[in-house]
Amino acid sequence: GEDVEQSLFLSVREGDSSVINCTYTDSSSTYLYWYKQEPGAGLQLLTYIFSNMDMKQDQRLTVLLNKKDKHLSLRIADTQTGDSAIYFCAESSSNTGKLIFGQGTTLQVKP
Amino acid sequence: DSGVTQTPKHLITATGQRVTLRCSPRSGDLSVYWYQQSLDQGLQFLIQYYNGEERAKGNILERFSAQQFPDLHSELNLSSLELGDSALYFCASSVGDRNTDTQYFGPGTRLTVL
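Residues numbered from 1 in each chain as written. Chains lettered and ligands numbered in written order. Predicted model: local features only at pLDDT ≥ 70, side-chain atom pairs only at ≥ 80, totals over all residues. Heavy atoms only, no water.

Caption draft 1: Examining the overall build of chain B more closely. Counting secondary structure elements, chain B contains zero helices and eleven strands. For chain B, the α and β elements follow one another from N to C terminus as β-β-β-β-β-β-β-β-β-β-β. In terms of C-alpha radius of gyration, chain B reaches 13 Å, essentially the compact-globule figure of 13 Å for 114 residues. Dimensions of chain B, computed from C-alpha atoms along their principal axes, come out at roughly 35 × 25 × 25 Å. Considering only contacts in chain B between residues 6 or more positions apart, those separated by 24 or more positions represent 55%. In the structure as shown, chain B presents an accessible area of about 5,500 Å², 46% of it carried by carbon and sulfur atoms. Here chain B carries 9 positive and 12 negative side-chain charges, and the mean point of each set is 3 Å from the other. (Helix = DSSP H or I, 4+ residues; strand = E, 2+ residues; numbered from the N terminus. Rg over C-alpha atoms; globule rule 2.2 N^0.38 Å. Contact = heavy atoms within 4.5 Å. Areas by Shrake-Rupley, 256 points an atom, 1.4 Å probe, with all protein chains shown as cover. Lys, Arg positive; Asp, Glu negative; His and termini not counted. Charge placed at Lys NZ, Arg CZ, Asp CG, Glu CD.)

Structure representation (C-alpha cells):
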C-alpha cells in the first residue's frame, strides 16, 4: 500500500543544520516532495526530487533520496528561527495525481 | 503566494448543516485537488478534478461532494455536518493530471462544527 512515515519532532539550535527524515512505500512514485506549513498557514512547496535522482540542492536545502531503502531526507543548512514550522514529506501516487503525505515533522529552532 | 485562492478563510457552523467551500486554481491550471487536514487523520486526499471531470477519489465521505465549473473553479460541498468534520480543508491545483505535475496549495478553509 501507500504509506509515508516521518518522525514527529526535531529541535535544533539556530545556525545548526537540520535533517528531517521520511520513508515511503510506493516504489513506483515518480516525484517526492517537501512542503512547509507555518502556524495558521497553508502548505508551501519547498522542493521536490525526481525518483531517478539521488540528490538535489536548492540554496540552503538539500534533498537526498535513497531509492533502495525508500528513504528521503531534507537538510536545512544554517537553520534560522524563521524555519520553525511543520515539514511534510509527500509522494505522488503512481496511478493518480494524488499526494500521500507523512504526518509532518515539527521543527523547533531555538535561538 | 501560490496563486490558489480559497474562500472563506474560516467557517463556523452547527452539526447537521451544509456548507460550500470554494477554490480558484492558479491561472492556467486545469486540475484541482481537495485535501482534508485533521488532527487525528493528518493530511488526506479527498478528490481530484481535471478540466471539469472527476479524475480520482480518495477517502471522501458520501456526505461530501465536489464539482469543477467551466471557469475551472471548484466547490466542495459538505452536508449533514458532524463534529468530526471540523478540519482544515485545502485546495491544490496543477497544470495537468499527471502524477508528475506539481501541486500548489491554497491557504485553506478552517471549518469548525459546533
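Still more ground to cover, so stick around.
Caption draft 2: Fine view of the interface of chain A and chain B. On the chain B side, the residues contacting the 19 residues of chain A number 19 residues. Where chain A abuts chain B, roughly 1,500 Å² becomes buried across the two surfaces, and 59% of that area is made up of carbon and sulfur atoms. Between chain A and chain B we count zero salt bridges in total. The interface formed by chain A and chain B includes three residue pairs in polar contact (both at pLDDT 80 or more). Contributing elements (two or more residues each) for the side of chain A that touches chain B: β4 (31-37), β5 (43-50), β9 (85-92) and β10 (99-101) of chain A. Across the side of chain A that touches chain B, the residue classes tally to ten nonpolar, eight polar and one charged. (Buried area = accessible area lost by both parts, 1.4 Å probe. Salt bridge = Lys/Arg side-chain N within 4 Å of Asp/Glu carboxyl O. Polar contact = N/O pair within 3.5 Å; in protein donor to acceptor, adjacent residues only side chain to side chain. Nonpolar A, V, L, I, M, F, W, Y, C, P; charged D, E, K, R; others polar.)

Caption draft 3: Up close: the nonpolar core. By size, the foremost hydrophobic cluster in this structure holds 21 residues, and its most contacted members are Trp-34, Leu-72, Leu-74 and Tyr-87 of chain A. In this view, Leu-72 of chain A contacts Ile-20, Asn-21, Cys-22, Leu-32, Tyr-33, Trp-34, Ile-49, Val-63, Leu-64, Leu-65 and Cys-89 of chain A; residues no more than four positions away in its chain are not counted. In terms of nonpolar packing, the next biggest core, distinct from the first, is built from 20 residues, Cys-23, Leu-46, Phe-64 and Leu-111 of chain B among them. (Core = buried A, V, L, I, M, F, W, Y, C linked by side-chain atoms within 4.5 Å. Buried < 20%, exposed > 50% of the residue type's maximum accessible area, 1.4 Å probe, protein only.)

Caption draft 4: Summary view of the pairing of strand β11 (residues 105-110) of chain A. Residue and element names in this part refer to chain A. Alternating positions in β11 separate cleanly, Thr-105, Leu-107 and Val-109 being buried on one face and Thr-106, Gln-108 and Lys-110 remaining unburied on the opposite face. In this structure, strand β2 (residues 9-13) lies alongside β11, joined through five bridges in parallel fashion. Note that in β11 the partner of Arg-13 across the bridge is Lys-110. Looking at chain direction, β9 and β11 are connected through three bridges and run antiparallel. Looking at β11, one finds that Ala-85 is bridged to Leu-107. (Pairing = 2+ DSSP bridges.)

Caption draft 5: Focus on the state of the cysteines. All names here are of chain A. A complete count under the given rule lists two disulfides over all chains for this structure. Disulfide partner of Cys-22: Cys-89, at an S-S distance of 1.9 Å. Residues Cys-22 and Cys-89 share a disulfide whose torsion about the S-S bond is about -60°; that sign makes it left-handed. Of the two residues, Cys-22 sits in strand β3 (residues 18-24) while Cys-89 sits in strand β9, which places them 67 residues apart along the sequence. Exposure class is identical for Cys-22 and Cys-89. Each is buried. (Disulfide = S-S within 2.5 Å.)

Caption draft 6: Molecular detail of the pattern of salt bridges. All names here are of chain B. Summed over all chains, the structure comprises seven salt bridges over all chains. Of the charged contacts in the structure, one is a salt bridge between Asp-29 and Arg-26, with a shortest N-O distance of 2.9 Å. Residue Arg-26 is classed as partly exposed on the basis of its relative accessible area of 24%. Residues joined by salt bridges that share partners form a network here, namely Arg-63, Glu-82 and Asp-85.

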